[in-house]
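Architecture and fold: a report
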Amino acid sequence: GENVEQHPSTLSVQEGDSAVIKCTYSDSASNYFPWYKQELGKGPQLIIDIRSNVGEKKDQRIAVTLNKTAKHFSLHITETQPEDSAVYFCAASGIEKGGSEKLVFGKGMKLTVNP
Amino acid sequence: NAGVTQTPKFRILKIGQSMTLQCTQDMNHNYMYWYRQDPGMGLKLIYYSVGAGITDKGEVPNGYNVSRSTTEDFPLRLELAAPSQTSVYFCASSRPSADTQYFGPGTRLTVL
């Protein structure tokens, strides 16, 4: 099955700096790569996603890039703000043994933005 | 739309007790999921359902049971609670399986 590795596990930046989170995946058949933000005490919320037919996608200060050849994808946050402080999860769609398709999540990265 | 709702928010159980975690979604999604999140770890899939009457095991199903009698509801049953089941439990729903998943606020369970 699919395996998703995420790094770093923690990142601390100064307000206004950029932050990059990287993920690798194992299943070359995966075709959907969402990113979730989890604030303290809340459930994860989708912030951006990308499908395999696109190499890059941007939404204001957030961008995601996908390299299918190398099987890795990254989240870029520019001009970070204190409210960006949270845990970020990457995920990749994977085909299970029975043929069903499910998301497999990375272990998450805790981002701290210092004012 | 309320989205995905979960009850209770918090619960403390004694070893050997049972309980049901409730999950309801009002988005008419066919797919529903139960995850557990241990401290400092990612989300591990417990069970999932592709529609009413159909459920299947995820990565960590032992000690849990589910049912799906309606599109809206997907309760998770813990039988004979153990300390290893101390975790935060999230329910989620989506349309096609590899589409955006919408998460509930979670249930924090402690087994003592």
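Please refer to the structure higher up on the page.
Position labels on residues start from 1 in each chain and follow its written sequence. To label them, take the chains in the order written and letter them from A, then take the ligands in the order written and number them from 1. In keeping with the predicted nature of the model, local features appear solely for residues at pLDDT of at least 70, side-chain atom pairs appear and are counted solely at 80 or more, and the whole-chain, interface and lining totals rest on all residues. In computing side-chain properties, one takes all heavy atoms of the structure into account and sets aside hydrogens as well as water.

With that settled, consider the side chain of S87 of chain B. Residues and elements named next belong to chain B. Relative to the assigned elements, S87 resides in strand 9 (residues 87–94). Any pair of N or O atoms that falls within 3.5 Å is considered a polar contact. Within protein, one atom must be able to donate a hydrogen and the other to accept it, and sequence-neighbouring residues count only if both atoms are side-chain atoms. A polar contact is formed between the side chain of S87 and the side chain of D38, at a distance of 2.7 Å. Apart from the residues lying within four places of it in its own chain, the contact partners of S87 are R36, Q37, D38, T107, R108 and L109. Only DSSP runs of H or I reaching four residues or more are called helices, and only runs of E reaching two or more are called strands; each is numbered from the N terminus. Contacts are assigned to residue pairs with any non-hydrogen atoms lying within 4.5 Å of each other.

Attention now goes to the interface of chain B and chain A. Taken together, the contact pairs 17 residues of chain B with 19 residues of chain A. Simply put, the buried area is the total loss of 1.4 Å probe accessible area from both parts when two parts are fitted together. Buried surface at the junction of chain B and chain A, summed over both partners, amounts to about 1400 Å²; 58% is from carbon and sulfur atoms. Salt bridges are defined by distance alone: a side-chain nitrogen of Lys or Arg within 4 Å of a carboxyl oxygen of Asp or Glu. Our enumeration of links across chain B and chain A arrives at 0 salt bridges. Counting the contacts that link chain B with chain A gives 4 residue pairs in polar contact (both at pLDDT 80 or more). Mapped onto the side of chain B that touches chain A, the elements with two or more residues apiece are strand 4 (31–37) and strand 5 (43–51) of chain B. For the side of chain B that touches chain A, the element with the most residues is strand 5 of chain B, which contributes 3 residues.

Residue and element names in this part refer to chain B. Whether two strands pair comes down to DSSP finding at least two bridges between them. With respect to topology, 4 strands assemble into an open sheet ordered 1-3-8-7, the strand pairing being antiparallel. Sheet topology places strand 1 (4–7) and strand 7 (64–66) at the edges, where each strand pairs with a single neighbour. The average undirected angle you get between the axes of adjacent strands in this sheet is 20°. What counts as an axis is a line fitted to C-alpha atoms, over the stretch in contact for a helix, and the angles between N-to-C directions run from 0 to 180 degrees.

Quick look at the state of the cysteines now. Covalently bonding the sulfur atom of one cysteine to the sulfur atom of another cysteine gives a disulfide. Two cysteine sulfur atoms make up a disulfide if the distance between them is within 2.5 Å. This structure, assessed with the given rule, holds 2 disulfides over all chains. Across the disulfide, C23 of chain A is cross-linked to C90 of chain A (sulfur-sulfur distance 1.9 Å). Classification of the bridge connecting C23 of chain A and C90 of chain A rests on its S-S torsion, roughly -95°, and on that basis the disulfide is left-handed. Pair noted here: C23 of chain A is in strand 3 (residues 19–25) and C90 of chain A is in strand 9 (residues 86–95), with a separation of 67 residues, a long-range link. The disulfide partner of C23 of chain B is C91 of chain B, and the gap between their sulfur atoms is 1.8 Å. With the S-S bond torsion at -70°, the cross-link from C23 of chain B to C91 of chain B turns out left-handed. Here C23 of chain B is found in strand 3 (residues 19–25), whereas its partner C91 of chain B is found in strand 9, with 68 residues between them in sequence.

Another point: the layout of surface pockets. The way it works is a 1 Å grid over only the protein atoms, where trapped points that fit a 1.4 Å probe form a cavity and open points with protein on both sides within 12 Å along at least five of seven lines form a pocket, and then any residue with an atom within 4 Å of a point lines it. Grid points are joined across faces, edges and corners, and a volume is the space filled by probe spheres set on the points. Of the volumes computed, that of the largest pocket is approximately 780 Å³. In terms of lining, the largest pocket is formed by 34 residues, of which the most central are Q38, L40 and G41 of chain A together with Q37 and R108 of chain B. Looking at the lining of the largest pocket, the elements that each hand over two or more residues are strand 9 and strand 11 (109–114) of chain A together with strand 9 and strand 11 (107–111) of chain B. Residue classes in the lining of the largest pocket are distributed as 13 nonpolar, 14 polar and 7 charged. Only Asp, Glu, Lys and Arg are considered charged in this grouping, and only Ala, Val, Leu, Ile, Met, Phe, Trp, Tyr, Cys and Pro are considered nonpolar; every other residue, Gly among them, is considered polar.

Attention shifts here to the nonpolar core. Grouping buried Ala, Val, Leu, Ile, Met, Phe, Trp, Tyr and Cys residues that are joined through side-chain atoms within 4.5 Å yields what is termed a nonpolar core. The rule is simple: take the accessible area with a 1.4 Å probe, protein chains only, and divide by the maximum for that residue type; under 20% is buried, over 50% is exposed, in between is partly exposed. Counting residues in each nonpolar core, the largest one holds 24 residues, and the members touching the most others are Y25, F33, W35, F73, L75, Y88 and L111 of chain A. Of all the secondary-structure elements, those providing two or more residues to this core are strand 3, strand 4 (32–38), strand 5 (45–51), strand 7 (62–67), strand 8 (72–77), strand 9 and strand 11 of chain A. With sequence-adjacent residues up to four places away left out, L111 of chain A is seen in contact with L11, V13, A19, I77, D84, S85, A86 and Y88 of chain A. In terms of nonpolar packing, the next biggest core, distinct from the first, is built from 19 residues, L13, C23, M32 and Y64 of chain B among them.

On to the packing of aromatic side chains, then. The way to describe two aromatic rings as a pair is by their centre distance and the angle between their planes. Aromatic rings from Phe, Tyr and Trp, with only the six-membered ring used for Trp, were paired whenever their centres fell within 6.5 Å, and each pair was classed as stacked if the ring planes differed by under 30 degrees, edge-to-face if by over 60, and tilted otherwise. By the definition in use, this model includes 12 aromatic pairs over all chains. Ring geometry for W35 of chain A versus F73 of chain A: centroids 5.6 Å apart, planes at 65°, classification edge-to-face. Separated by 38 residues along the polypeptide, W35 of chain A in strand 4 and F73 of chain A in strand 8 bring together distant segments of the chain. Since its relative accessible area comes to 0%, F73 of chain A is described here as buried. Three or more aromatic residues joined by ring pairs make a cluster, and in this case those are Y36 and F105 of chain A together with Y33, Y35, F90 and F103 of chain B. Put simply, a charge is over a ring when the Lys NZ or the Arg CZ is close to the ring centre, within 6 Å, and near the line of the ring normal, within 35 degrees. The ring of F74 of chain B is capped by R68 of chain B, whose NZ or CZ atom sits 5.9 Å from the centre of that ring.

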